[in-house]
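What follows is each chain in one-letter form.
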There are 2 protein chains.
Amino acid sequence: MDTSVSRTLFSQRANRLTSSAIREILKITERPEVISFAGGLPSPEGFPIAELRAAFDKVLATQGATALQYGRTEGYTPLREWVAQDLSRPGLDIDPEEVLIVSGSQQALDMLGKLFIDQGSPVLVEAPSYLGALQSFSQFQPEYRAVPTDERGLVPEALDDDLVRDARFIYVLPNFQNPTGLTLDRARRQALVERCARLDLPIIEDDPYGELRYAGDPQPGLLELGRPAGATVIRLGTFSKVLAPGMRLGYVVAPRPIISKLVQIKQATDLHTATVTQMAVHEAVRGGFLREHLPKVRELYRRQCGYMLDALQAHFPSDARWTRPEGGMFIWVTLRPSIDTAQLLQAAIQRNVAFVPGAPFYAGAGAPANTLRLSFVTVPEDRIRAGVRTLGELIGPAPEHA
Amino acid sequence: MDTSVSRTLFSQRANRLTSSAIREILKITERPEVISFAGGLPSPEGFPIAELRAAFDKVLATQGATALQYGRTEGYTPLREWVAQDLSRPGLDIDPEEVLIVSGSQQALDMLGKLFIDQGSPVLVEAPSYLGALQSFSQFQPEYRAVPTDERGLVPEALDDDLVRDARFIYVLPNFQNPTGLTLDRARRQALVERCARLDLPIIEDDPYGELRYAGDPQPGLLELGRPAGATVIRLGTFSKVLAPGMRLGYVVAPRPIISKLVQIKQATDLHTATVTQMAVHEAVRGGFLREHLPKVRELYRRQCGYMLDALQAHFPSDARWTRPEGGMFIWVTLRPSIDTAQLLQAAIQRNVAFVPGAPFYAGAGAPANTLRLSFVTVPEDRIRAGVRTLGELIGPAPEHA
């Protein structure tokens, strides 16, 4: 190509884009010799391949012309109905019209950015928060405000008038948060929805991992607690972790006026989510398949988490701290303040071990340099042990008199 | 729901959104008694259901874990290679790295809006142009500049310094344009790419229908003519019309610096396009299936177009003019200036016939009120004749001495 495109033709938004640190790391970790705790991939051992194969086949055999045609922007009606019913419980009645099917919940984040964010709009995010959400929101140039967290997760009392003033929403992952693995307890959930209701602050509740709980007691969702409290809760869910991510299928549950706007946005964004995958997933789940499938996935993840926790106990120095997730895919490690995990990563990659440094998960300034995220779900037990031992060696023992 | 969301929380962008006229019309036309020329749906008679069913089955049987896992943002490598090879010809060598797979070409329009448009950025569109593109671009609040067209389509000589000043791109559908059905001839294509090269104006070439030519001679694409001329051409293609739209699968071909930015944007937008559909489509097309499949689709569309042209000749007044497409799905009709097609539509719907008035396809002011778009591909012959006769009656004969 002789042609070059002048940067002056690109939008400001595009000129600010840079390749993400995690993306560059993941390229390195594709080498088979690397023990990677960096990924966010679910374990393919949990994919119900035979069931999905049968579902695609049945749909194409019996409703092929419908499955291959354009569909409604809102989503395939029976799948919306299934989602509504799956989320409804005593005291929480979800209507299918409150459900929008999206092309993975990442798309929901992009569309919510379009819906809520003008340049400079304040938005509230946990510190730290999901990197993919920050990337989506950043396209629309918000002003991030970090909500303080402690070892129990987000601190609702921090939401005061100053922090919330003019904010468009708060973005929260209440279950087994990415990246920390922390779960918000019931008292904090209740305090959060009540405060947001009083402050007229919409809550985006992102819950990709909620069905992957393998320890502790299930907590009511922010949607469930928020409605009676008068809070506006926008709940994001996905089939990526309970079935498989390669179909790119998720959903948004929200009050009708928000769904209505999101439908207009989705029409301009990609018309609708693929019909054939929506119909196949509906075919796979409609008979109650997840009731037998999910316990197997939870047991797999519980076992993998245990391998990692045991290895950390055995090989990490006594001054390191880490979270003990009740579900999901991630453990968050805090090392002594003198260690910069970005530098640690460089050394680790030399020895074929990878993880994600913690700093990119913080939206604003003041990110601590001594944290890291470990994903444990796709690595075999012996490689978890070997990789954690290598990291422990690189970190070194706690200084005496520390 | 007791909650309501204040408009002040929405972005300016979202508050400007209104439901599209066409969308509202399409709701009405879902009633089976309506003869609808309003749709843009391809004919399901052209869907290779058995072949796609076999392709999904083979992919899930032999590569299930890969098909159901997250994939690269750029797209499934063998499918990128197939697209590159399919578009390459003597003098035009496309590299797979210049191909990005997208979730239908509507998504490409959304991402190109993100890439190029700041609030107030001038962008050039044909008058009239594809409504879905206008909806995508409008999310980013450009200043539209209409490029004049005549009965041969876009007029390249209209692209002067004033019209092009500070413009981010020109958006063109050179084959069987939506909505006019017009095809740009070779001389105009050459003039267009040379002018754009000289003016440093990127061209977005949207070609959803190019493979659906059933009359006249194929014309070289703007990508093919543009590269040697030094123009920056971004080519959009889709599997929606050659296979089926329900899989939401399209592609962008562009110089690497543009692909690289679009990959970053796509990562923030939906991570990647569904792996399973990409692999199934690759499985379906890789053996050369389209070479035998496309002639059948072209013949179907040619026949349908003929029914509509015959009916117009028989039933429309002598002062009506319409285009004679060499391919694609649409005929564009211009009625006498005294007729407002928005009003005509109201009357037509009372008699169970639908079409799309022409005005929404114009981005700026000055849209003529006496045009309309007719889609002919999904309506049986007898209903085409009946529907066109009804419209002819409503329009009425040409006034004497006209």
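Keep in mind it's a predicted model, so treat the numbers as computed, not measured.

What counts as what
- Residues numbered from 1 in each chain as written.
- Chains lettered and ligands numbered in written order.
- Predicted model: local features only at pLDDT ≥ 70, side-chain atom pairs only at ≥ 80, totals over all residues.
- Heavy atoms only, no water.
- Helix = DSSP H or I, 4+ residues; strand = E, 2+ residues; numbered from the N terminus.
- Rg over C-alpha atoms; globule rule 2.2 N^0.38 Å.
- Buried < 20%, exposed > 50% of the residue type's maximum accessible area, 1.4 Å probe, protein only.
- Areas by Shrake-Rupley, 256 points an atom, 1.4 Å probe, with all protein chains shown as cover.
- UniProt positions renumbered as here; feature names shortened; annotations may be inferred.
- Contact = heavy atoms within 4.5 Å.
- Buried area = accessible area lost by both parts, 1.4 Å probe.
- Salt bridge = Lys/Arg side-chain N within 4 Å of Asp/Glu carboxyl O.
- Polar contact = N/O pair within 3.5 Å; in protein donor to acceptor, adjacent residues only side chain to side chain.
- Nonpolar A, V, L, I, M, F, W, Y, C, P; charged D, E, K, R; others polar.
- Pairing = 2+ DSSP bridges.
- Phe/Tyr/Trp six-rings, centres within 6.5 Å; stacked < 30°, edge-to-face > 60°.
- Least-squares fit on C-alpha atoms with pLDDT ≥ 70 in both.
- Domains from an automatic or database assignment.

Trainee: How would you explain the overall build of chain A if you had to name every residue and give the values?
Mentor: Within chain A, the regular secondary structure consists of 14 helices and 15 strands. For chain A, the C-alpha radius of gyration of 22 Å lies close to 21 Å, the compact-globule estimate for 402 residues. In terms of overall dimensions, chain A has C-alpha extents of about 65 × 60 × 50 Å along its principal axes. For chain A, with 402 residues in total, the buried portion stands at 62%. For chain A, the accessible area works out to roughly 14,900 Å², and carbon and sulfur atoms hold 47% of it.

Trainee: Could you give an account of the UniProt feature "domain: Aminotransferase class I/classII large" (unreviewed entry) in chain A, with specific residues and numbers?
Mentor: With numbering matched to this structure, UniProt assigns "domain: Aminotransferase class I/classII large" (unreviewed entry) to residues 48–388 of chain A. Its end C-alpha atoms 30 Å apart, residues 48–388 of chain A is made of 43% helix and 15% strand.

Trainee: So what's going on with the interface of chain B and chain A? Which residues, and what values?
Mentor: Of the residues lining the interface, 84 residues belong to chain B; the matching set on chain A comes to 84 residues. Carbon and sulfur atoms supply 59% of the area that chain B and chain A bury against each other, a total of about 7,300 Å² over both sides. Inspection of the region where chain B meets chain A yields four salt bridges. Across the salt bridge formed by K114 of chain A and D110 of chain B, the nearest N and O atoms sit 2.5 Å from each other. Linking chain B with chain A are 36 residue pairs in polar contact (both at pLDDT 80 or more). Those elements giving two or more residues to the side of chain B that touches chain A turn out to be α1 (12–16), α3 (49–67), α5 (105–116), α6 (131–138), α10 (256–270) and α11 (275–285) of chain B. If one sorts the elements of the side of chain B that touches chain A by residue count, α3 of chain B sits on top with 10 residues. Of the residues in the side of chain B that touches chain A, the class split is 37 nonpolar, 31 polar and 16 charged.

Trainee: Could you give an account of the sheet that holds strand β15 (residues 371–375) of chain B, naming the residues involved and the relevant values?
Mentor: All names here are of chain B. Strands sit in the order β11-β12-β15-β14 across an open sheet of four strands; the sheet is antiparallel. Edge positions in the sheet fall to β11 (321–322) and β14 (356–357), since each of these pairs with one other strand and no more. The pairing of β14 with β15 spans two bridges and is antiparallel. For V356, the partnering residue across the bridge sits in β15 and is R373.

Trainee: An account of helix α4 (residues 77–87) of chain B is requested, with residue identities and associated values reported.
Mentor: Along α4 of chain B, the residues that are buried comprise L79, R80, W82, V83, A84 and L87 of chain B. Each element contacted by the buried residues of α4 of chain B is listed here: β2 (99–102), β9 (233–238), β10 (250–253), α11 and α12 (289–315) of chain B.

Trainee: Which residues make up the environment of T334 of chain A, and what values go with them?
Mentor: All names here are of chain A. One can find T334 in strand β12 (residues 330–334). When the C-alpha positions of T334 and I349 are compared, they lie 19 Å apart, and in sequence the two are 15 residues distant. Leaving out residues up to four positions away in the same chain, T334 has contacts with D319, A320, R321, N370 and T371.

Trainee: So what's going on with the packing of aromatic side chains? Residues and values would help.
Mentor: All chains considered together, the criterion is met by 21 aromatic pairs over all chains. The interplanar angle of 50° and the centroid separation of 5.7 Å between the aromatic rings of F116 of chain A and F10 of chain B together place this pair among those described as tilted. A residue pair is termed interchain when its members come from two chains, as with F116 of chain A in helix α5 (residues 105–116) and F10 of chain B in the segment before α1. As far as burial versus exposure is concerned, F116 of chain A and F10 of chain B are alike and both buried.

Trainee: Describe in detail the pattern of salt bridges, supporting the description with residues and values.
Mentor: Pairing is possible between side chains that carry opposite charge, provided their charged atoms lie close to one another. Residues and elements named next belong to chain A. Scanning the entire structure with this criterion turns up 44 salt bridges over all chains. Between D207 and R235 there is a salt bridge, with the nearest N and O atoms lying 3.5 Å from each other. Residue D207 is found in the loop between β8 (203–206) and α9 (222–229), and its partner R235 is found in strand β9 (residues 233–238); the two are separated by 28 residues along the sequence. Looking at D207, the relative accessible area reads 12%, which means it is buried. Of the residues examined, R235 reaches a relative accessible area of 13% and is grouped as buried. Within this structure, K58, E283 and R286 form a network of salt bridges that share partners.

Trainee: Got a sec to walk through the relation of the copies chain B and chain A? Specific residues and values, please.
Mentor: Rotating chain B by 180° and moving it 0.0 Å along the rotation axis overlays it on chain A with an RMSD of 0.0 Å. Taken together, these values place the two copies in the relation of a two-fold axis. When the interface residues of chain B are mapped onto chain A, 100% of them are again interface residues, pointing to one common binding face.

Trainee: How would you summarise the pairing of strand β4 (residues 143–147) of chain A if you had to cite specific residues and measurements?
Mentor: Summarising the sheet, strand β3 (residues 122–126) of chain A and β4 of chain A pair through five bridges and their orientation is parallel. If you follow E126 of chain A over to β4 of chain A, its bridge partner there is V147 of chain A.

Trainee: Which residues make up the domain arrangement of chain A, and what values go with them?
Mentor: Residues and elements named next belong to chain A. Along its sequence, chain A is organised into domain 1 (7–48 + 291–395) and domain 2 (49–288). Taking only C-alpha atoms, the centre of domain 1 and the centre of domain 2 are 24 Å apart. Across the domain 1/domain 2 interface, buried area totals approximately 3,000 Å², and carbon plus sulfur atoms make up 63% of it. Three residues, P48, E326 and F361, lead the burial of domain 1 against domain 2; their summed loss comes to 23% of the area buried on that side. Where domain 1 touches domain 2, the interface holds two salt bridges.

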